[in-house]
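For reference, the chains in residue letters:
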Amino acid sequence: MKFLIVEDEESLRKSIDQYLTAEGNICDHAATYEQGYQKLSIYDYDCILLDLTLPDGEGLQLLKYLKKINKTDGVLIISARNSLDQKIEGLSLGADDYLIKPFHLSELYARIQSIVRRRHFNGNTIIHFNEIEIDTAAKETKVNGKTVYLTRKEFDLLLYFIANKNKVISKAAAVEHIWGDDADMADSFDFIYTHIKNVRKKLTDSGCKDYFQSVYGVGYKFADV
Amino acid sequence: MKLFSSYNRILSIITLTGLLVIGFLFYQTLGQYLNKQIDDHLFEELLEVEDFTHVKNILPSPDGFDDVIVEYKKIHQVTNKRRLFADTNFYNPKKKHTESARYLKTELNLNGQPYQVMIIASKFERQEQIKSIILIILLPVIILLLILWLVNRILIKRMWLPFRELLSNIKAFNINQEKVFEPIQTNIEEFKELNKAVLDVSLKVKSDYREIKLFTENASHEMMTPLAVINSKLDTMLQSNTLGKEESEILADLYKATSKLTKLNQSLLLLVKIDNNQLQDKEKIDLKALIEEKLNYFQEFIQKRSLQVQTNMSPFSISANRSLMEILINNLLSNAIRHNYDGGSIQITLTKDNLIFSNTSAQSALHPGKIFERFYKDNTSEGTGLGLAILKQVCLRQNYKLSYGYEQGYHQFKINFDGPENEIR
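Because the structure is a prediction, the values reported are computed rather than measured. (Residues numbered from 1 in each chain as written. Chains lettered and ligands numbered in written order. Predicted model: local features only at pLDDT ≥ 70, side-chain atom pairs only at ≥ 80, totals over all residues. Heavy atoms only, no water.)

Quick word on the UniProt feature "transmembrane region" (unreviewed entry) in chain B
Those residues carrying the UniProt feature "transmembrane region" (unreviewed entry) are residues 6-27 and 133-151 of chain B in this numbering. End C-alpha atoms of residues 6-27 of chain B are separated by 32 Å, and the span's content is 100% helix alongside 0% strand. (UniProt positions renumbered as here; feature names shortened; annotations may be inferred. Helix = DSSP H or I, 4+ residues; strand = E, 2+ residues; numbered from the N terminus.)

As structure tokens, then:
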């Protein structure tokens, strides 16, 4: 997939780039409004990561311009401002999602994939990972064609790990993905362990291989080794 | 003591003693003056007695005078010619009772015979006169004083009216509200000055407060991007294949610290947002449903700590901002879970107007005045120390009454929604 990262903070841009290209994606960069303007006029992207505060302009103006020239690229807004008004404005202008800084790269990637899925594979929302088959629209999980019943949170967790397959996901990222950031349960990081154990058990009970790997107490990885 | 009563007390003490002293002196002077008059009269009577005996060669009869009584007493010899005036009591045969009187006693020769003559005059009428005079003079003075006191009272009350208004306006002034201090209308220079001083102070306080809020907001926002960088770098490091046990542990700690810092920042921003009244859109919210939704949301946390949750909720809806109500329930619930011990219990009671969250805890009663302060927390808590402060701020903004109590091992947080603005329209 091909992405455009419009972000003025260089180190953040680099990290995002690194994370995405490691998965075989291609990333273009724009540090300013002007650069972003030029790039999205010429090229087509699967998804544009758009920071709203750029040194020479407003990210929302780029979004307006994109819609004006009738481009259908997916847009994920990345903003430091957690304001409902701005979120609503961004989404009503045609952005697909809104992510608030700071975020975890795994979260970012999961969201990007969700956007691309919605935009490109119209109707076809099935994800395959070896013997696992996930229907994101119907929220159904099948192992070797047999349905596995997962709770909503377990389903979200599995989808999150599969979206970031072969990547290590920190416990912090997993907790935030499931409970959001308003839970204020900072002392409950270890708690994600129980949750993953449940998903693991349900999957292996249905004859699935155990793809979850623990990484020394810092996180987990979903990979076929 | 009020200024007015203090002023009044001094004034009445001075007036009363002044009145007493003046009254006493007045009475004395008047009495002496009257005595002198009576004495003159007695002397005249004596001369008359002398004339009478001289002309008629007989003593006048003791009852021969209109208003005096004359007594004669034969003596051997005139030894003392001095005239003596003094007070006495005598029996008035006409009125048939004893009266105070004044007499003149002297010795003199009448028709060649030595006599002691005593002339007595009643003071009764004169005294009555004195009484009348004093009454006539003192009564108007007292009435005048009373009127003065009354006028004074009304005048002072009226003069202090702007001050009272000013005071109530100062009391009504709230730094958190948009309403600025209301200056009062007055023509009195002192109050005008006070008015202006208070107005200046209030404006300064307001603008300072606004600046602090703005600073907090900007600082917190500016921190978000570096935090995003740290987070992304941690995520990148985590992907390294050469990660050993030690490095992983360091990473885990870094994640925790970063996440805590992020939460802290978000909480501060949230506080500013609530302070600024940025969350105002109201809608009808079914509290019971919201609590049940949140219980479901936190169910894994509850199960993990094997907490017993008892709910006693009757349907209750409220008109409020959804985000704020979610924050409220979130904070109450996560607080009850976090500060509980494994196997403890949580009781949630929702009645009309009242929401009560009670939970067991390893801690004993907390300081009810301090727990809602920002960054107040015990050392074992890993929270931000802002959860209850946010709770308090939300309640303050929505005019809910938030209280804390400790009863039979249960920490109890009670919110009373009973306020005129919270009714569902």
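A word on the interface of chain A and chain B
Each side of the interface is counted separately: chain A has 43 residues, and chain B has 41 residues. Buried surface at the junction of chain A and chain B, summed over both partners, amounts to about 4000 Å²; 60% is from carbon and sulfur atoms. Put simply, chain A and chain B have zero salt bridges between them. Our count for the contact surface shared by chain A and chain B stands at nine residue pairs in polar contact (both at pLDDT 80 or more). (Contact = heavy atoms within 4.5 Å. Buried area = accessible area lost by both parts, 1.4 Å probe. Salt bridge = Lys/Arg side-chain N within 4 Å of Asp/Glu carboxyl O. Polar contact = N/O pair within 3.5 Å; in protein donor to acceptor, adjacent residues only side chain to side chain.)

Overview of the packing of aromatic side chains
Enumeration according to the criterion identifies 21 aromatic pairs over all chains in this entry. Seen from their ring centres, A:Tyr37 and A:Tyr65 are 4.2 Å apart, and the 25° between their planes marks the pair as stacked. Remark: A:Tyr65 occurs in helix H3 (residues 59-68) and A:Tyr37 occurs in helix H2 (residues 33-42); sequence separation between them is 28 residues. Residue class for A:Tyr37 comes out partly exposed when judged on its relative accessible area of 30%. Under the relative-accessibility criterion, A:Tyr65 is labelled buried at 17%. With a centroid separation of 5.6 Å and 55° between ring planes, the pair formed by A:Tyr211 and A:Phe222 is classed as tilted. Residue A:Tyr211 is located in the loop between helix H8 (192-205) and strand E13 (212-215), and its partner A:Phe222 is located in strand E14 (residues 219-222); the two are separated by 11 residues in the primary sequence. Cluster of aromatic residues (ring-pair linked, three or more members): A:Phe129, A:Tyr160, A:Phe161, A:Tyr211, A:Phe212 and A:Phe222. B:Lys294 extends its terminal NZ or CZ atom over the ring of B:Tyr297, reaching a point 5.1 Å from the ring centre. (Phe/Tyr/Trp six-rings, centres within 6.5 Å; stacked < 30°, edge-to-face > 60°. Buried < 20%, exposed > 50% of the residue type's maximum accessible area, 1.4 Å probe, protein only. Lys NZ or Arg CZ within 6 Å of the ring centre and 35° of its normal.)

Comments concerning the domain arrangement of chain A
Residues and elements named next belong to chain A. We note that the domain assignment places domain 1 (2-120) and domain 2 (126-222) within chain A. Summed over both partners, the interface of domain 1 with domain 2 buries about 1000 Å², with 46% contributed by carbon and sulfur atoms. On inspection of domain 1 and its partner domain 2, the count reaches one salt bridge. Lys167 is the partner of Glu23 in a salt bridge, and the nearest nitrogen-oxygen pair spans 3.7 Å. Top element by residues in the side of domain 1 that touches domain 2 is helix H5 (residues 105-120). It accounts for six residues. Here the residues of the side of domain 1 that touches domain 2 sort into four nonpolar, three polar and three charged. (Domains from an automatic or database assignment. Nonpolar A, V, L, I, M, F, W, Y, C, P; charged D, E, K, R; others polar.)

Points about the pattern of salt bridges
By the definition in use, this model includes 23 salt bridges over all chains. Between A:Asp156 and A:Arg152 there is a salt bridge; the shortest N-O distance is 3.4 Å. Taken together, the positions of A:Asp156 and A:Arg152, both in helix H6 (residues 152-163) and four residues apart, correspond to about one turn of that helix. Relative accessible area serves as the criterion here: at 55%, A:Arg152 is assigned to the exposed category. Residues B:Lys245 and B:Glu249 are paired through a salt bridge, measuring 2.8 Å at the closest nitrogen-oxygen approach.

Topic: H3(A)
When H3(A) is considered as a whole, its buried residues turn out to be A:Gly59, A:Leu60, A:Leu62, A:Leu63, A:Tyr65 and A:Leu66. Looking one or two places after H3(A), you find A:Asn70, whose phi comes out positive at around 55°.

Brief notes about the nonpolar core
Core analysis: the largest hydrophobic core is formed by 78 residues, its most contacted members being A:Ile132 and B:Met325. Element by element, the count of residues in this core is highest for helix H8 (residues 322-338) of chain B, at nine residues. Sequence-distant contacts of A:Ile132, that is, excluding residues within four places in its chain, are made with A:Ile127, A:Thr141, A:Lys142, A:Val143, A:Ile162, A:Leu203, A:Cys208, A:Tyr211 and A:Phe222. In terms of nonpolar packing, the next biggest core, distinct from the first, is built from 21 residues, A:Phe3, A:Cys27, A:Leu108 and A:Ile115 among them. (Core = buried A, V, L, I, M, F, W, Y, C linked by side-chain atoms within 4.5 Å.)

Quick word on the side chain of A:His104
Checked against the element boundaries, A:His104 lands in the loop between strand E7 (97-100) and H5. We classify A:His104 as buried; its relative accessible area is 4%.

Let's talk about the domain arrangement of chain B
The assigned domain composition of chain B is domain 1 (3-156), domain 2 (174-278) and domain 3 (283-422). Using C-alpha coordinates to define each centre, domain 1 of chain B is positioned 91 Å away from domain 2 of chain B.

Some remarks on a negative patch on the surface
Negative charge collects at one region of the surface, where B:Asp40, B:Glu44, B:Glu48, B:Glu50 and B:Asp51 lie side by side. Looking at the element boundaries, B:Glu48 is found in helix H1 (residues 3-56). (Patch = residues over 30% accessible without salt bridge, like charges linked within 9 Å, V, L, I, M, F, W, Y side chains within 5 Å. Areas by Shrake-Rupley, 256 points an atom, 1.4 Å probe, with all protein chains shown as cover. Lys, Arg positive; Asp, Glu negative; His and termini not counted. Charge placed at Lys NZ, Arg CZ, Asp CG, Glu CD.)

Quick word on the UniProt feature "domain: Response regulatory" (unreviewed entry) in chain A
In the UniProt entry, the feature "domain: Response regulatory" (unreviewed entry) is given for residues 2-116 of chain A. Secondary structure across residues 2-116 of chain A comprises 46% helix and 25% strand; the distance between its end C-alpha atoms is 10 Å.

Observations concerning the pairing of strand E2 (residues 26-30) of chain A
Residue and element names in this part refer to chain A. Note that strand E1 (residues 2-6) and E2 share five bridges and pair parallel. By the bridge assignment for E2, Val6 is matched with Ala30. You can see the chain leave E1, run along helix H1 (residues 10-21) and come back into E2, and the turn it takes is right-handed. (Pairing = 2+ DSSP bridges. Right-handed = clockwise from strand over helix to strand, strands pointing away.)

Focus: a positive patch on the surface
Residues and elements named next belong to chain B. On the surface, Lys2, Arg153, Lys157, Arg164 and Lys171 cluster together into a positively charged patch. Breaking the positive patch down by element, the ones donating at least two residues are helix H2 (124-159) and helix H3 (161-172). Considering the arrangement of structural elements, one finds Arg164 in helix H3.

Some points on H2(B)
All names here are of chain B. The first and last C-alpha atoms of H2 sit 51 Å apart over 36 residues, in line with the 52 Å expected at 1.5 Å per residue. Along H2, the residues that are buried comprise Ile130, Ile134, Asn152 and Ile156. In this structure, the buried side of H2 is in contact with H1. (Expected span 1.5 Å × (residues − 1).)

Structural notes on the UniProt feature "modified residue: 4-aspartylphosphate" (unreviewed entry) in chain A
All names here are of chain A. UniProt's feature table lists "modified residue: 4-aspartylphosphate" (unreviewed entry) at Asp51, given in the numbering used throughout. Checked against the element boundaries, Asp51 lands in strand E3 (residues 47-51). Relative accessible area serves as the criterion here: at 1%, Asp51 is assigned to the buried category. Contacts of Asp51, omitting those with residues within four sequence positions, involve Val6, Glu7, Asp8, Gly59, Ile78, Ser79 and Lys101.

As for the state of the cysteines
Across all of its chains, the model carries zero disulfides over all chains by this definition. A:Cys27 supplies the cysteine sulfur nearest to A:Cys47, a cysteine that is in no disulfide, at a spacing of 10 Å. (Disulfide = S-S within 2.5 Å.)

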